[in-house]
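Structural description and commentary
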Amino acid sequence: MNHPAGLLAIPWRYVDLDLIELWVWETDHFEAKVTAEPHSFAWEVGDLVVPDGGVARWLTGGRTIDFASAEVAVREVVGKSYPARYGYRGYAGHLATTFVVADGRTLDLGPFHGSRALVTVRMPGGADQSFLGRCTVHHYELLLALDSGQQVRIQPSYIVDVTGENGATAASATAYAGVGRTYHGEVVHGCTGAPAFLPGTVEHTGTRCPVHESTVPRTAEVLRPA
């Protein structure tokens with residue numbers, strides 16, 4: 001089975017039931033499943049570190065148009081949910097450190113992990129403010145150790161840009177998905193859209209979205225002490 005270049009192949013266990021095709025990835029820490037449906041593939045990840053009554057505790061899931069997209073979604077969740085010491089980063093690669101930021105772009109923050117960078121954040125009230133400190137990508141957040149000694153947690157959906165001390169900027173991909181009003185990204189604070197059929201995309205109808213279709217700022221807590 002094909003898998004993204006540079007990533008380890010997931011050791012799926014294939015189960016062929018009477019009316020269902022199922023792929024299962026079982027480890028000591030989670031259980032991931034992909035189920036073939038008539039016109040789509042359903043995927044889910046359940047946690048075994050803190051199980052629910054002895055069975056996997058549901059973390060998240062979704063539906064995609066093909067198996068490859070379902071597998072990518074599983075890789076991303078596993079990479080972001082479990083610490084690197086568990087040994088799953090080889091399956092997730094850059095998916096573990098890639099996030100949708102304030103303007104709908106998808107940025108890989110991995111290159112800044114462990115280094116100092118200037119992080120520009122969209123603050124409540126709409127103003128952008130920059131913070132200089134040492135970056136740590138921690139699960140679904142960016143931890144920034146400021147020069148003042150304070151450490152704050154930054155939600156990636158409020159990040160405007162990141163620039164390393166050497167001038168390097170985060171690699172990005174275009175947000176527009178090329179279909180109607182569908183954009184690469186997630187439904188975050190202020191978004192007027194809804195999850196589209198493919199993972200990591202948002203579809204919009206009606207009013208203009210201030211997140212994916214303009215630069216109108218969101219007002220919410222974006223920084224908090226670590």
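Note that the structure is a prediction, hence the values are computed from the model and not measured.

Definitions and limits used
- Residues numbered from 1 in each chain as written.
- Predicted model: local features only at pLDDT ≥ 70, side-chain atom pairs only at ≥ 80, totals over all residues.
- Heavy atoms only, no water.
- Helix = DSSP H or I, 4+ residues; strand = E, 2+ residues; numbered from the N terminus.
- Polar contact = N/O pair within 3.5 Å; in protein donor to acceptor, adjacent residues only side chain to side chain.
- Contact = heavy atoms within 4.5 Å.
- Buried < 20%, exposed > 50% of the residue type's maximum accessible area, 1.4 Å probe, protein only.
- Pairing = 2+ DSSP bridges.
- Core = buried A, V, L, I, M, F, W, Y, C linked by side-chain atoms within 4.5 Å.
- Axes fitted to C-alpha atoms, helices over the stretch in contact; angles between N-to-C directions.
- pLDDT = per-residue confidence, 0-100.

Mapped onto the elements, T97 comes out in the loop between α2 (89–92) and β6 (98–100). Reaching out from T97, the side chain makes a polar contact with the side chain of D108 at a distance of 2.6 Å. Once you skip the residues sitting within four places of it in the chain, T97 turns out to touch L107, D108, L109, G110 and V137.

Moving on: the side chain of E141. Assignment of secondary structure puts E141 in strand β10 (residues 141–146). Polar contacts involving the side chain of E141 include one to the side chain of R153, which spans 3.1 Å.

Side-chain alternation along strand β11 (residues 151–154) places V152 and I154 on a buried face and Q151 and R153 on a face that remains uncovered. Linkage of β10 to β11, two consecutive antiparallel strands, is achieved through a turn of 4 residues, within which G149 is found at a positive phi near 100°.

Moving on, we come to the nonpolar core. Counting residues in hydrophobic clusters, the biggest one holds 21 residues, and the most contacted among them are V119, L144, I154 and I159. Those elements giving two or more residues to this core turn out to be β8 (116–122), β9 (128–138), β10, β11 and β12 (159–164). Not counting the four nearest positions on each side in its chain, I159 is found in contact with V101, A102, L109, V119, T120, L142 and I154. Ranked by size, the runner-up nonpolar core spans 20 residues in total, among them A32, F41, F67 and Y82.

In this section: the sheet that holds strand β4 (residues 41–52). As summarised here, the arrangement of the 5 strands in space is β1-β2-β3-β4-β5, forming an open sheet in which the pairing is antiparallel. Every interior strand has two partners, whereas the edge strands, β1 (13–16) and β5 (55–64), have only one. Across the sheet, the mean angle separating the axes of adjacent strands is 20° when strand polarity is ignored. Pairing of β4 with β5 involves 8 bridges; the strand directions are antiparallel. Along β5, the bridge assignment pairs V45 with T60. The strands touched by helix α1 (residues 67–81) within the sheet are β2 (21–26), β3 (30–36), β4 and β5, with β4 carrying the most contacts at an inclination of about 25°.

Considering every residue of the protein, the mean pLDDT works out to 84; 81% of them sit at 70 or more. For the protein, per-element mean pLDDT is lowest for strand β14 (residues 176–179), which scores 47, and highest for β3, which scores 97. Every residue in residues 214–221 scores below 50 in pLDDT, and together they form 21 contacts with partners more than four places removed in sequence or on other chains.

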